[in-house]
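# Descriptive structure summary
Each chain is listed here by its residues.
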Amino acid sequence: MLGNLRPRQVARDAVLRFRPNISITPYHANVKESCFNVDFFKAFDVVLNGLDNLDARRHVNRLCLAADVPLVESGTTGFLGQVTVHLKGKTECYECQPKLAPKTYPVCTITSTPSKFVHCIVWAKDLLFAKLFGDKNQENDLNVRSSDAANSSDHSIDVFERRKDEDVEQYGRRIYDHLFGHNIEMALSNEETWKNRNKPWPIYSKDVLPKKLTKENGNMEKGCASEDVSAMASLGLKNPQEVWSLAENSRVFLEALRLFFLKREKEIGNLSFDKDDQLAVEFVTASANIRASSFEIPLHNLFEAKGIAGNIVHAVATTNAIIAGLIVIEAIKVLKKDSNNYRMTYCLEHPSRKMLLMPVEPYEPNKSCYVCSETPLLLEVNTHCSKLRDFVEKIVKAKLGMTFPLIMLGASILYEVGEDLEEDMVAIYAANLEKALSELPSPVTSGTVLTIEDLQQEFSCSINIKHREEFDEEKEPDGMLLSGWVEAPVDKNNNKPIGNGESTSNALPAEEIMEGEKDVESQEASEGTENATGKKRKLSEVSEGTTPDHSGLSDERKNHNQLEKLDVDDEDDEFIVSDDWESLTKKKRLL
């Protein structure tokens, strides 16, 4: 247990024990904050990245490209791991090959007919948590009408708004009864939906809890005064790997809600789910389990629920140690400017031909990459129905990973984010968000070209718009389709992505390829591999006078290296700056 120590502090202290004379400045912050801009990155000779989510990795990749600083990327998931080197203009960037995006689910499945526990987690995390504690102005698919509102002259009453005359427990019970009782009864009224499905059963708080919650052994307040408030601590629940009963989940739900209002009320309205927020994880776990009970879906413990909600494959210390060593090896090569010997190294779970580590030479930049090669993208969208807000949230932020976007059509600015904007411009852009694309002051229609920029990342791209009337709700839940780079090919036999061209190699047996939900891509490093962008060459073939180093590899391995490419790491979004690696360089290093 780290107690109150942050991982970055622990890492700093560990390094100083064997190098006490160096200077290390740790930061506990979000790497996407504006202070970590291009100028900040330019201060370093190399960036070593091990962030825990795709969005943050893409952000760092773009900043390194803008700052022209080498990036050593890394990740682990269980027994698998990889280290890759990215050099602007010489090797492919982190985004040159499509990454497996988190799976999305149709809204109707999440809100009405869940059949898996992950559906309940998505409902609790993306809908309920966001509705109760996030931005109140965000659109949300939760039913906000209470049974009382149906008989009232005011049908716009939002049941999630806390009333002036009710205490936190009364509010919590009313929300509980609305979510798990009233809404389920409303769903049951549509008999057509349940002809071929098991019917859920409504759950009301009075059916599982006493009218007044009592303080058991005086522990209801225990732990609430600390910085890290916990509903589990308040209720005396100690084992995160124990599955709670319906009554226990109901108590955690109400207690977590109470603690948010009592201990963290100032944060309400600005919160988003964070897997490292204990109280948020407890609330989401309890909410998902209560909903799962209603739909007769097996319940999960907090440890499992946290993994699903945070897309976590729990870490293996030995894998992390191996990858950490490989990071240092590649960093030393970068600092020595030994580009001929850069390697992308993949750590396998099972030996393949007596090898657990698979080193290959980096690829050249992908000419179809919209990030480092600035290739235009294509967006198919219903320009009459889709609002600018949909485009910003689902494409610009979710797909393109932009933080402070600027959207332009020709010389007209349709949307901009920034702290220095005038109030009247903020109001205009806010109004634009609620307009359909074709109804904007500068209409976005089929054939128009949008320019999207992120001033913090110093990154821009162009998107060609193509109007399309209808979308498949199951296959295209966003209601729009973005394309324009080479999509990850799919193995027709097992429906898994392949990576840099479909593999014909049998170098690794099928059982060594992990399940798709662990965010793994299998990739072939063959000198003659062909894909939609032409022949895929290695860095050594681009550099003059370079002789590929295949020492230790068999002839067949030289031509067919089947790799497993990972983009998951179970670490915090934290990094450390070292000021004094005199033996290697005069500049600072970003770890």
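All of these numbers come straight from a predicted model, not from anything done at the bench. (Residues numbered from 1 in each chain as written. Predicted model: local features only at pLDDT ≥ 70, side-chain atom pairs only at ≥ 80, totals over all residues. Heavy atoms only, no water.)

### Looking at the overall build of the protein chain
We count it as follows: Secondary structure follows DSSP: runs of H or I at least 4 residues long count as helices, runs of E at least 2 residues long count as strands, and numbering of each begins at the N terminus. For the exposure calls, accessible area comes from a 1.4 Å probe over protein chains only, and a residue counts as buried if that area is under 20% of its type's maximum, exposed if over 50%, partly exposed in between. When checking whether two residues touch, look at their non-hydrogen atoms; a contact exists if any pair is within 4.5 Å. Per-residue and other accessible areas follow the Shrake-Rupley method at a 1.4 Å probe size, with only the shown protein chains counted as cover for residues.
For the protein chain, the count of helices and strands is 17 helices and 20 strands. In the protein chain, which comprises 591 residues, the proportion classed as buried is 49%. Expressed as a percentage of contacts within the protein chain between residues at least 6 apart in sequence, the contacts between residues at least 24 apart total 68%. For the protein chain, the accessible surface area stands at approximately 28500 Å², while carbon and sulfur atoms represent 49% of it.

### Here we look at the pattern of salt bridges
Working definition: two side chains of opposite charge can pair if their charged atoms are close together. Using the following cut-off: When a carboxyl oxygen of Asp or Glu is within 4 Å of a side-chain nitrogen of Lys or Arg, the pair counts as a salt bridge.
Overall, the coordinates contain 20 salt bridges when judged by the stated rule. Among the ionic pairs, Asp55 bridges to Arg58, the shortest N-O distance being 3.9 Å. Of the two residues, Asp55 and Arg58 both sit in helix α3 (residues 54-67), 3 residues apart, roughly one turn of that helix. Take Arg58: its relative accessible area is 10%, and that puts it in the buried class. Across the salt bridge formed by Lys387 and Glu434, the nearest N and O atoms sit 3.9 Å from each other. Linking Lys387 in the loop between β7 (377-381) and α14 (388-397) with Glu434 in the loop between α15 (423-433) and β10 (449-454), this pair joins segments that are 47 residues apart in sequence. Overall, Lys387 belongs to the partly exposed group, its relative accessible area being 28%. The class of Glu434 is partly exposed, set by a relative accessible area of 36%.

### Quick look at the sheet that holds strand β9 (residues 412-416)
Our working rule: Here, any two strands with at least 2 DSSP bridges between them count as paired. Orientation is described by axes fitted as lines to C-alpha atoms, over the contacting stretch for helices, and by angles from 0 to 180 degrees between their N-to-C directions.
Read across the open sheet, the 6 strands follow the order β9-β8-β10-β11-β7-β12; overall the sheet is mixed. Each edge of the open sheet carries a strand with a single partner, namely β9 and β12 (480-483). Averaged over all neighbouring strand pairs, the angle between strand axes comes to 25°, with direction disregarded. Sheet topology note: the strand β8 (residues 405-409)/β10 ladder contains 5 bridges and is antiparallel. Across the sheet, the residue bridging to Ile407 is Ile452, located in β10.

### Thoughts on helix α13 (residues 317-335)
How we decide: To estimate how far a helix should extend, the number of its residues minus one is multiplied by 1.5 Å.
Here α13 contains 19 residues, and its C-alpha end-to-end distance of 27 Å stays within 8% of the 27 Å for a straight helix at 1.5 Å per residue. Listed in full, the buried residues belonging to α13 are Thr319, Ile323, Leu326, Ile327, Glu330, Ala331, Lys333, Val334 and Leu335. Downstream of α13 by one or two residues, Lys337 has phi in the positive range, about 55°.

### Details of a negative patch on the surface
Test applied: Exposure above 30% relative accessible area and the lack of any salt bridge qualify a residue for a patch; like charges then connect within 9 Å, and the nonpolar side chains Val, Leu, Ile, Met, Phe, Trp and Tyr within 5 Å. Positive: Lys, Arg. Negative: Asp, Glu. His and the chain ends are not part of the count. Just so you know, the charge point we use is NZ for Lys, CZ for Arg, CG for Asp and CD for Glu.
Among the surface-exposed residues, Glu419, Asp420, Glu422, Glu423 and Asp424 lie close enough to one another that they form a single negatively charged patch. As for its position among the elements, Glu422 is in the loop between β9 and α15.

### Describing the nonpolar core
Short version of the rule: Nine residue types can take part in a nonpolar core, namely buried Ala, Val, Leu, Ile, Met, Phe, Trp, Tyr and Cys, and a core is a set of them joined through side-chain atoms within 4.5 Å.
Residues Phe133, Phe253 and Phe283 are the most contacted members of the largest nonpolar core, which totals 58 residues. Put simply, the parts of the chain that give this core at least two residues each are α5 (117-133), α7 (168-188), α9 (231-235), α10 (246-263), α11 (278-294) and α12 (302-309). At 11 residues, α5 tops the list of elements feeding residues into this core. What Phe253 contacts, discounting residues up to four positions off in sequence, is Leu128, Gly172, Ile175, Tyr176, Leu179, Phe180, Phe283, Ala286, Ser287 and Ile290. Within the second largest apolar cluster, 33 residues are counted, among which are Cys96, Leu414, Tyr415 and Val444.

### What about the state of the cysteines?
Worth spelling out the cut-off: For the purposes of this analysis, a disulfide is any pair of cysteine sulfur atoms at a distance within 2.5 Å.
Overall, the coordinates contain 0 disulfides when judged by the stated rule. Residue Cys372 stays outside any disulfide, its sulfur separated by 3.4 Å from that of Cys96, the closest cysteine.

### Remarks on the side chain of Asn49
Selection rule: Two N or O atoms form a polar contact when they lie within 3.5 Å of each other; inside protein one atom must be a possible hydrogen donor and the other a possible acceptor, and for residues adjacent in sequence the pair counts only when both atoms belong to side chains.
For Asn49, the position within the fold is in strand β2 (residues 44-49). Residue Asn49 is classed as buried on the basis of its relative accessible area of 6%. A distance of 2.7 Å separates a polar atom in the side chain of Asn49 from a polar atom in the side chain of Glu73.

### Details of α5
Put simply, the rule is: A residue's bend is simply the angle between two axes: one fitted to the seven residues ending at it, one to the seven starting at it.
When the terminal C-alpha atoms of α5 are compared, their 22 Å separation across 17 residues agrees well with the 24 Å that a helix rising 1.5 Å per residue should span. Taking the largest bend as the criterion, α5 deviates by roughly 30°, centred on Ala124. For α5, a buried count of 14 out of 17 residues is recorded, marking the element as mostly surrounded by other parts of the structure.

### Examining the packing of aromatic side chains
Remark: the centre distance and the inter-plane angle together describe each pair of aromatic rings, the angle taken between the planes. Rules: To pair, rings of Phe, Tyr and Trp, with the six-membered ring standing in for Trp, must have centres within 6.5 Å; the planes then decide the type, stacked if under 30 degrees apart, edge-to-face if over 60, and tilted in the middle. Either the NZ atom of lysine or the CZ atom of arginine qualifies as a charge over a ring when it sits within 6 Å of the ring centre and within 35 degrees of the ring normal.
This structure, assessed with the given rule, holds 20 aromatic pairs. Among the aromatic residues, ring-to-ring pairing joins Trp123, Phe129, Phe133, Tyr176, Phe180, Phe253, Phe260, Phe273 and Phe283 into one connected group. For Arg291, the ring lying beneath its charged end belongs to Trp123, and the centroid distance is 4.6 Å.

### Looking at the pairing of β9
When β8 meets β9, the two strands line up antiparallel, connected through 4 bridges. For Leu409, the partnering residue across the bridge sits in β9 and is Ser412.

### Describing the packing of α5 against α12
For the record, the criterion: Any angle that is under 35 degrees is reported as roughly parallel, and any over 145 degrees as roughly antiparallel; angles of 65 to 115 degrees are reported as roughly perpendicular and all others as oblique. The classification used treats Ala, Val, Leu, Ile, Met, Phe, Trp, Tyr, Cys and Pro as nonpolar, Asp, Glu, Lys and Arg as charged, and all other residues, Gly among them, as polar.
It is the contact of α5 with α12, at a shortest axis distance of 10 Å, that shows an interaxial angle of 75°. Judged by the angle between their axes, α5 and α12 are roughly perpendicular. Residue-level contacts link Phe117, Val118, Ile121 and Lys125 of α5 to Ala305, Ile308 and Ala309 of α12. A per-class count over the contact of α5 with α12 returns 6 nonpolar, no polar and 1 charged.

### Some remarks on the packing of α5 against α11
Condition: Note: crossing handedness is left-handed where the near helix turns anticlockwise from the far helix by less than a right angle, and right-handed where it turns clockwise.
Between α5 and α11, the shortest axis-to-axis distance is 8 Å and the interhelical angle comes to 125°. One element, α5, and the other, α11, form an angle in the oblique class. Remark: the crossing between α5 and α11 carries right-handed chirality. When α5 is examined against α11, the residues Phe117, Cys120, Ile121, Trp123, Ala124, Lys125, Leu128, Phe129, Leu132 and Phe133 are found in contact with a partner set consisting of Ala280, Phe283, Val284, Ser287, Ala288, Asn289, Arg291 and Ala292. Grouping the amino acids of the contact of α5 with α11 by side-chain chemistry returns 14 nonpolar, 2 polar and 2 charged.

### Here we look at the pairing of strand β11 (residues 459-467)
With 5 bridges joining them, β7 and β11 adopt parallel strand pairing. Paired with Glu380 across the two strands is Lys466, which belongs to β11. Note that β10 and β11 share 6 bridges and pair antiparallel. Residue pairing in the sheet places Ile452 in a bridge with Cys461 of β11.

### Things to note about a nonpolar patch on the surface
A cluster of nonpolar side chains, contributed by Ile322, Leu356 and Leu357, occupies part of the molecular surface with about 220 Å² of accessible area. With respect to the helices and strands, Leu356 occurs in strand β6 (residues 355-360). A residue is classified by how much of its surface remains accessible, and Leu356, at 39% relative accessible area, is partly exposed.

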